[in-house]
Amino acid sequence: LVKWLSDWVREYGIDGFRCDTVKHVEPESWAALKAASSSALAEWKQAHPAQKIDDAPFWMVGEVWGHTPVRSHWFDAGFDSLINFDFQSRASGNWRAIDSLYNGYASALAKPPKFDALSYISSHDTALFARDQLRHGVTALLLAPGGVQLYYGDESGRPPGPSPEGDPQQATRSDMNWSKMDSALLAHAQKLGQFRARHVALARGEHLMLSEAPYSFARIASGFADRVLVVPEATGPIKLAVGKVFADGETVRDAYGGQTVVVQGGFVSLQAQGTVLLEGVK
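Residues numbered from 1 in each chain as written. Predicted model: local features only at pLDDT ≥ 70, side-chain atom pairs only at ≥ 80, totals over all residues. Heavy atoms only, no water.

J.: Give me the overall build of the chain: which residues, what numbers.
T.: A count of helices and strands for the chain gives six helices and 13 strands. Over its C-alpha trace the chain gives a radius of gyration of 21 Å, about what one expects of a compact globule, namely 19 Å for 282 residues. Along the first, second and third principal axes, the C-alpha set of the chain runs to 60 × 50 × 35 Å. Burial analysis of the chain (282 residues in total) assigns 46% to the buried set. Element-wise, carbon and sulfur atoms account for 55% of the exposed surface of the chain, whose accessible area totals about 14,100 Å². For the chain, the separation between the mean place of its 27 positive charges and that of its 31 negative charges on side chains is 5 Å. (Helix = DSSP H or I, 4+ residues; strand = E, 2+ residues; numbered from the N terminus. Rg over C-alpha atoms; globule rule 2.2 N^0.38 Å. Buried < 20%, exposed > 50% of the residue type's maximum accessible area, 1.4 Å probe, protein only. Areas by Shrake-Rupley, 256 points an atom, 1.4 Å probe, with all protein chains shown as cover. Lys, Arg positive; Asp, Glu negative; His and termini not counted. Charge placed at Lys NZ, Arg CZ, Asp CG, Glu CD.)

Printed below as a string of structure tokens:
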């Protein structure tokens, strides 16, 4: 099995596996798969220098039912990340409660040896996030520390499927709503996702709450290598204290609304258009 699966990596350059029901397979077998696949990917990249997209090593993420953002023994069996079952039930809370969650995640993920947790708000194994709260849930998820995964249709408002008697989980499965997407929700998710892709600080930075009203936080990667300031679900004119993140005279951009402003006296003023995603302008 290890030879068969790692040969897919060797032949096609597959750079990671998502492994199901991890706890039902011996740790030694997972470790053997990781070692073989790592070697296979290195061989493929050496043979295909023009096709590789990076020099990152092979990545394995696993599903261990009920796992939370802690570094368990499964990380010693070859896993780089494990799915986080803790986030879904708590993502519908208010921002003060979510901030406590963010802080706990960021602190746990920063402890050596480092590891990763993969959070979600909907899953075929659990339930769909409440459809009338999807914008809030998607926002909370895409701003969370660690890794994140969107279940298909959470970004577009996909409605639940039928739920036959005796199998309520089937409601999590339905056809993708290609012709009836929530375009506003999709645009919101795209802005958050693109911002996240540019800023490792969101996933790996130190979390710092800056204000309760309006709720704002910063994530700062080690040595200020990357830094962002976020005000989720903000609308209208807003004045923000940014001195702990950006220096006076520094130009910053709201990647959500597109406005560019200069920091003066530790503050910036701008027009929030649903969320504020501040980044430095190089």
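J.: Summarise the sheet that holds strand β6 (residues 206-212); cite the residues concerned and give the values.
T.: Reading across the sheet, the six strands line up as β6-β7-β8-β13-β10-β11 and stay open at both edges, with antiparallel pairing between neighbours. Of all strands in the sheet, those bounded by a partner on one side alone are β6 and β11 (260-262). On average, each strand axis in the sheet is inclined to that of its neighbour by 25 degrees, with strand direction left out of account. Pairing geometry for strand β8 (residues 227-231) and strand β13 (residues 276-280), over three bridges, is antiparallel. Residue valine 230 lies in a different strand from β13, and its bridge partner there is leucine 277. Relative to the sheet, helix α5 (residues 183-198) contacts β8, β10 (251-254) and β13, its axis offset from that of β13 by approximately 25 degrees. (Pairing = 2+ DSSP bridges. Axes fitted to C-alpha atoms, helices over the stretch in contact; angles between N-to-C directions. Contact = heavy atoms within 4.5 Å.)

J.: Break down the nonpolar core for me, citing the residues and quoting the values.
T.: Note on soluble globular proteins: their nonpolar side chains tend to be buried together. Within the largest apolar cluster, 28 residues are counted, with the highest numbers of intra-cluster contacts made by Phe87, Tyr102, Ile121, Leu143 and Leu277. Those elements that provide at least two residues to this core are α3 (95-110), α4 (134-142), α5, β7 (215-220) and β8. Excluding residues that lie within four positions of it along the chain, leucine 277 makes contacts with Leu143, Lys191, Leu192, Phe195, Leu229, Val230, Arg253, Asp254, Ala255 and Tyr256. Counting residues in hydrophobic clusters, the runner-up holds 20 residues, among them Leu33, Met60, Phe75 and Ala77. (Core = buried A, V, L, I, M, F, W, Y, C linked by side-chain atoms within 4.5 Å.)

J.: Kindly report on the environment of aspartate 226, identifying the contributing residues and their values.
T.: If you trace the backbone, aspartate 226 turns up in the loop between β7 and β8. As for aspartate 226 and leucine 202, which are separated by 24 residues in sequence, their C-alpha atoms are 9.0 Å apart. With near-sequence residues (within four places) excluded, aspartate 226 lies in contact with His199, Val200, Ala201, Arg219, Ile220 and Ala221. Here histidine 199 takes part through its side chain, which lies 2.9 Å from a polar atom of the side chain of aspartate 226. (Polar contact = N/O pair within 3.5 Å; in protein donor to acceptor, adjacent residues only side chain to side chain.)

J.: Quick rundown of the packing of aromatic side chains? Include the residues and the values.
T.: Applying the stated criterion across every chain yields a total of 11 aromatic pairs. With a centroid separation of 6.2 Å and 50 degrees between ring planes, the pair formed by phenylalanine 87 and tyrosine 105 is classed as tilted. One end of the pair, phenylalanine 87, is in the loop between β3 (81-84) and α3; the other, tyrosine 105, is in helix α3, with 18 residues separating them in the sequence. For the pair formed by phenylalanine 87 and tyrosine 105, the shared burial category is buried. A network of ring pairs unites the aromatic residues Trp95, Tyr102, Tyr215 and Phe217 as a single cluster. Over the ring of tyrosine 152 we find arginine 158, and its NZ or CZ is 3.8 Å from the ring centre. Across the ring face of phenylalanine 267, the terminal group of lysine 239 is positioned such that the distance to the ring centre comes to 4.9 Å. (Phe/Tyr/Trp six-rings, centres within 6.5 Å; stacked < 30°, edge-to-face > 60°. Lys NZ or Arg CZ within 6 Å of the ring centre and 35° of its normal.)

J.: Now, about the pattern of salt bridges: what can you tell me, with residues and values included?
T.: Applying the stated criterion across every chain, the model contains 15 salt bridges. Two residues, aspartate 54 and lysine 45, come together in a salt bridge whose shortest N-O distance is 3.1 Å. For aspartate 54, a relative accessible area of 33% corresponds to the partly exposed category. Residue glutamate 279 pairs with arginine 253 through a salt bridge whose shortest N-O separation is 2.8 Å. One end of the pair, glutamate 279, is in strand β13; the other, arginine 253, is in strand β10, and 26 residues separate them in sequence. Note on arginine 253: relative accessible area 30%, which makes it partly exposed. Among the ionic contacts, a cluster of salt bridges with common partners joins Lys3, Asp7, Arg10 and Glu43. (Salt bridge = Lys/Arg side-chain N within 4 Å of Asp/Glu carboxyl O.)

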